Amino acid sequence: MRVLPPTGPGFFPLLGGKPRATLILTTLLLAPFGTGHASGPASAPTTAPTAGKAGPLPDGALAADGFTGSEKIAPPDADPLRDARWCRLCHDDDHFESSAWRTTAHTEQVCRDCHSGYHFNPHLPAELGPEAATTNEGATPAKRRAAAWATCQPCHKDAVPEEGIRHGLPEPGKPAAENPPTCRDCHGDPHEVLLSKSLPPVERRRKMNDRCVACHGDAERMKAAGLDDHVPAAYGHSVHGRKLDLGGERAPGCVDCHGSHETKDLKDPEVGRATCGECHEHATPDFVTLGDHRPFTLEARPVSFFTLKFFGWLTFLTIFALSMHVLLDVYRSVRVIMAANRNDDTPGGHA
Amino acid sequence: MSSSAHGGAPTGQGRAAALDPKREVQRFDLHQRLQHGLMASSFITLVVTGWPLTTHGIGSSQSLVELFGGMEATALIHRVAGVCMAVAAIYHVAYLGYLARARRLRFSMLPGPKDAADLVGNLMYFLGRQKHRPKFPRYTYFEKFDYWAVFWGVAIMVGSGLLRWYPDATTSIFPPFVYEIGLHAHADEALLASLAIFVWHFYNVHLRPQIFPMSWVFITGRMTVEELKEEHGAEYDEMMSELERSRPKTPAPAGVPAEAPPAPEDAGGAKP
């Protein structure tokens, strides 16, 4: 998502030369500047909207644009801060093209359900609050997580328990990860979240896999967490990964085996068996080990390593020998044909 | 087939006159042709439905899978073709058993010292150190190689295919590494077999200048005497001496089983 430039003179040209936005901005900016901007350092995110004074959005400004809004949005003479059109005057990004926005999961939410600190505009970047979520440059990961948490959890108490999501497996003696995933890491831009049931299974799995892989394939992040970054490659080569790649509707993605908000402990034989058992009827604890992501190296999987070596050499040597035989045959055949042509030519004596 | 490509004097000159070179001999009987047909069609189906899994990242694999009706349908076709291949193999073994009981099994496919000599002789011929190709027996060394490669290949592919079809049952019977062997054996042997068939076998039976565009024997089961003389000189000689011995008698009737010494047949014009 495009971040708009900071307020100031340089801000206007960067609106992409949109006469509408510039016009609205000049009118709006000059009138109520500073009145109700609640995103100052001292303001708490929970501050009740006070900017009602700002007055309704001038009808003409919207009409000039042909911007009619939607049924879901309150009429302009109600609280303008509950009106997404306010915000979209400036945050006129592809995301907020009304049609696209309305197909997402949060279509019923208005901007300020999540951006509670933004009262009037242009606003200063919030010090820290839900509205700052993850974009504030200065925010530490911990602060960003806290912000995302405070933004999303209140509405998603069912999906996200009070004690938080448990990503990864607690191991005795292992310190908790420095930088565990936030909602955004797994669900993407909150403005583009789609209802998972609105996606066909293959696409839903691929999409979530991409998010897991982006982080689990990041060598630095994984090293910091004491994990290995081999998982994406190993999954990609597995029969499951290949079949999903080819559009297999039953092929599992990461989530089918590991679960979503609470990582399953697949090392527990019972859990492992039940997980694989969803699709493989006769799963045994031994069977579960076929699904882990050990690479085919001498140390990790010696049998696979030697089998691959054996067949690699067998194939190379056999095909080499057969190709040489074919090439020699071709060579001889060409010579015979050429000789035959020469014999045909000489007695004929064309010259 | 052009004998000019041969470059040398015809073999068995004296007796050749006894037979019209355009007459045909029965080389493979109906059972053998059916076995070959079932094996070839199931093999090609298996290759095209299995290949996308190897090159899964490439767009064309995905279109190929779509062409078969999606991943699930492709997997189903692959399994049906696999069963057909197993049936072809069982058919063949049962057929061999039948021949053995009828005491008609000739063991002409077993490799012997002559094959090593033929290989050396053929290589010498390729290199121009020898004027003629060796006189090959009923099955040349490269045909024997094909046969035994398929024998080993089918055993591996059917076995490992079953392990992979039921991975959960496999691990409840065997330790997990047995599945691992099956997994790699299936993929790698498939590659080896495809290369061997499409490079080697197709060259020998389709592209070789002497027989291009192809040898029809796998369809008709018959071969002209002229071809037999060039491709299987030793067998031709044998046939000729046998004919000589049974001179007064008329040639054996049509439909002689292929494992019996091939006999000339009155089907002169039937060759396409």
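Keep in mind that what you see is a predicted model, and the values were worked out from it rather than measured.

(A) Summary view of unusual backbone geometry. Residues and elements named next belong to chain B. Cis peptide bonds are those with omega within 30 degrees of zero, and the linkage from Phe212 to Pro213 qualifies with 0°. Positive phi, close to 55°, is recorded for Arg103, a residue that is not glycine. By the secondary structure assignment, Arg103 is in the loop between helix 4 (71-101) and helix 5 (113-126). The phi dihedral of Phe107 falls on the positive side, at around 55°, and the residue is not glycine. Position of Phe107 relative to the elements: it lies in the loop between helix 4 and helix 5.

(B) Up close: the packing of aromatic side chains. Scanning the model with the defined rule gives 16 aromatic pairs over all chains in all. Considering the side-chain rings of B:Phe145 and B:Trp200, the 6.0 Å spacing of their centres and the 80° angle between planes classify their relative orientation as edge-to-face. Taken together, the residues span a long stretch of sequence, with B:Phe145 in helix 6 (residues 141-165) and B:Trp200 in helix 8 (residues 176-207) at a distance of 55 residues. Judged by relative accessible area, B:Trp200 falls into the buried class, the value being 3%. Directly above the ring of B:Tyr125 sits A:Arg332, whose terminal nitrogen or CZ lies 4.3 Å from the centroid.

(C) Summary view of the pattern of salt bridges. Enumeration according to the criterion identifies 18 salt bridges over all chains in this entry. Taking the shortest distance from any N to any O, the salt bridge between B:Lys22 and B:Glu226 comes out at 3.0 Å. Here the residue B:Lys22 occupies a position in the loop between helix 1 (13-16) and strand 1 (24-26), and B:Glu226 occupies one in helix 10 (residues 225-231), the gap between them amounting to 204 residues. Beyond isolated ion pairs, a larger network of salt bridges with shared partners links A:Asp292, A:Arg294, A:Arg301 and B:Glu180.

(D) Focus on the interface of chain A and chain B. Taken together, the 42 residues of chain A in the interface contact 55 residues of chain B. Ranking the residues of chain A by area buried against chain B places A:Leu246, A:His325 and A:Arg332 at the top, with a combined share of 18%. If you look at where chain A meets chain B, you find two salt bridges. A salt bridge links A:Arg301 to B:Glu180, with the shortest nitrogen-to-oxygen separation between them at 3.3 Å. When contributions to the side of chain A that touches chain B are tallied by element, the ones reaching two or more residues are helix 11 (239-245), helix 14 (285-288) and helix 15 (302-348) of chain A. The greatest single-element share of the side of chain A that touches chain B, amounting to 21 residues, is contributed by helix 15 of chain A.

What counts, and at which threshold
Residues numbered from 1 in each chain as written. Chains lettered and ligands numbered in written order. Predicted model: local features only at pLDDT ≥ 70, side-chain atom pairs only at ≥ 80, totals over all residues. Heavy atoms only, no water. Helix = DSSP H or I, 4+ residues; strand = E, 2+ residues; numbered from the N terminus. Phe/Tyr/Trp six-rings, centres within 6.5 Å; stacked < 30°, edge-to-face > 60°. Buried < 20%, exposed > 50% of the residue type's maximum accessible area, 1.4 Å probe, protein only. Lys NZ or Arg CZ within 6 Å of the ring centre and 35° of its normal. Salt bridge = Lys/Arg side-chain N within 4 Å of Asp/Glu carboxyl O. Contact = heavy atoms within 4.5 Å. Buried area = accessible area lost by both parts, 1.4 Å probe.

Honestly, that's just the spatial picture; any functional story needs more than this.
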